[in-house]
Amino acid sequence: MTQFTKGISLAAAAALMTATGGCATMMGDDAAMASDQNVPMVGGAPMYPTKNIIENAVNSQDHTTLVAAVKAAGLVDTLSGPGPFTVFAPTDAAFAKLPAGTVDTLVMPANKAMLTSILTYHVVPGKLSAADIAAQAARNGGTLNLRTVAGGMIALSRAGNGWRIVDAKGGTSMITIADVNQSNGVIHVVDTVLMP
């Protein structure tokens, strides 16, 4: 088991306990303050750049499945660590596109290795903003190939005004919210689960 995997396991557990113990709710004043500070909102919660990936993700109502999966895979400590990481974070709606029963099967202890592989396939070492992705893709004929922490490759290219990601199985996902900065990296919200 790699240090990355060990770290992510503990972080995931903490995130799930926080999420299932009652995700932090946002008061109107918090939303107004976040707006005044140009803090992006994801899943009804402000994503503060002073908080790490896990601290922010547990508050997003759109990422409860991801948080539960991160906990089950034992990746909480890793994603709470210094990084930096670029995370392509699938929403609950993205997980809902998977065949019925897939998520329930993946979070079973017997399938931890497969779940970890899928989750770490959504993580790239380093911090890549949308501008970084655009610049690197422009230098490479319009496509940016990235090696994920899981070891597999993903390919990013322009699609209209946004970015499309093609996974190892040929599936596609779109970045729906880019540049959600964290203290230990950046999150780009995606609409489809990537498969290694």
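Residues numbered from 1 in each chain as written. Predicted model: local features only at pLDDT ≥ 70, side-chain atom pairs only at ≥ 80, totals over all residues. Heavy atoms only, no water.

**Points about helix H4 (residues 64-73)**
- Buried within H4 are the following residues: Leu 66, Val 67, Ala 69, Val 70 and Ala 73. For H4, the arc enclosing every buried residue in end-on projection is 165 degrees, short of the 170-degree limit, so these residues lie on one face.
- Positive phi shows up at Gly 74, right after H4, with a value of about 75 degrees. (Buried < 20%, exposed > 50% of the residue type's maximum accessible area, 1.4 Å probe, protein only. Helix = DSSP H or I, 4+ residues; strand = E, 2+ residues; numbered from the N terminus. Arc of directions from axis to C-beta.)

**Details of the pairing of strand S8 (residues 172-182)**
- When strand S7 (residues 162-166) meets S8, the two strands line up antiparallel, connected through three bridges. Paired with Ile 165 across the two strands is Ser 173, which belongs to S8.
- Connecting the antiparallel pair S7 and S8 is a turn made up of five residues, with Gly 170 showing a positive phi of about 90 degrees.
- In this sheet, strand S9 (residues 185-190) lies alongside S8 in antiparallel orientation, the contact comprising five bridges. Looking at S9, one finds that Ile 175 is bridged to Val 190.
- Connecting S8 to the next strand, S9, in antiparallel fashion are two residues. (Pairing = 2+ DSSP bridges.)

**Comments concerning the environment of Ala 57**
- On the secondary structure map, Ala 57 appears in helix H3 (residues 53-57).
- For the pair Ala 57 and Gly 43, spaced 14 residues apart in sequence, the C-alpha separation works out to 9.0 Å.

**So, the sheet that holds S7**
- Reading across from one edge, S4-S3-S9-S8-S7-S6-S5 is the order of the seven strands in this open sheet, with mixed pairing throughout. Edge positions in the sheet fall to strand S4 (123-125) and strand S5 (143-147), since each of these pairs with one other strand and no more. Neighbouring strand axes in the sheet, compared pairwise and without regard to direction, differ in orientation by 30 degrees on average.
- This element, helix H9 (residues 130-139), spans S5, strand S6 (153-159), S7, S8 and S9 of the sheet and lies at about 115 degrees to S5. (Axes fitted to C-alpha atoms, helices over the stretch in contact; angles between N-to-C directions. Contact = heavy atoms within 4.5 Å.)

**Thoughts on the nonpolar core**
- Judged by nonpolar contacts, the single largest core of 30 residues is most densely connected at Val 70, Leu 79, Val 87, Leu 119 and Ile 187.
- Residue assignment for this core shows that the elements contributing at least two residues are H3, H4, helix H5 (76-80), strand S3 (85-90), helix H6 (92-96), helix H8 (112-120) and S9.
- Per-element tally for this core: the top contributor is H4, with five residues.
- In this structure, Leu 128, Ala 137, Leu 144 and Trp 163 belong to the second largest nonpolar core, which totals 15 residues. (Core = buried A, V, L, I, M, F, W, Y, C linked by side-chain atoms within 4.5 Å.)

**Topic: the side chain of Thr 86**
- Mapping Thr 86 onto the fold places it in strand S3.
- For Thr 86, a relative accessible area of 0% gives the class buried.
- A distance of 2.7 Å separates a polar side-chain atom of Thr 86 from the backbone oxygen of Gly 126.
- Those residues in contact with Thr 86 that lie beyond four places of it in its chain are His 122, Val 123, Val 124, Gly 126, Lys 127, Leu 128, Val 186 and His 188. (Polar contact = N/O pair within 3.5 Å; in protein donor to acceptor, adjacent residues only side chain to side chain.)

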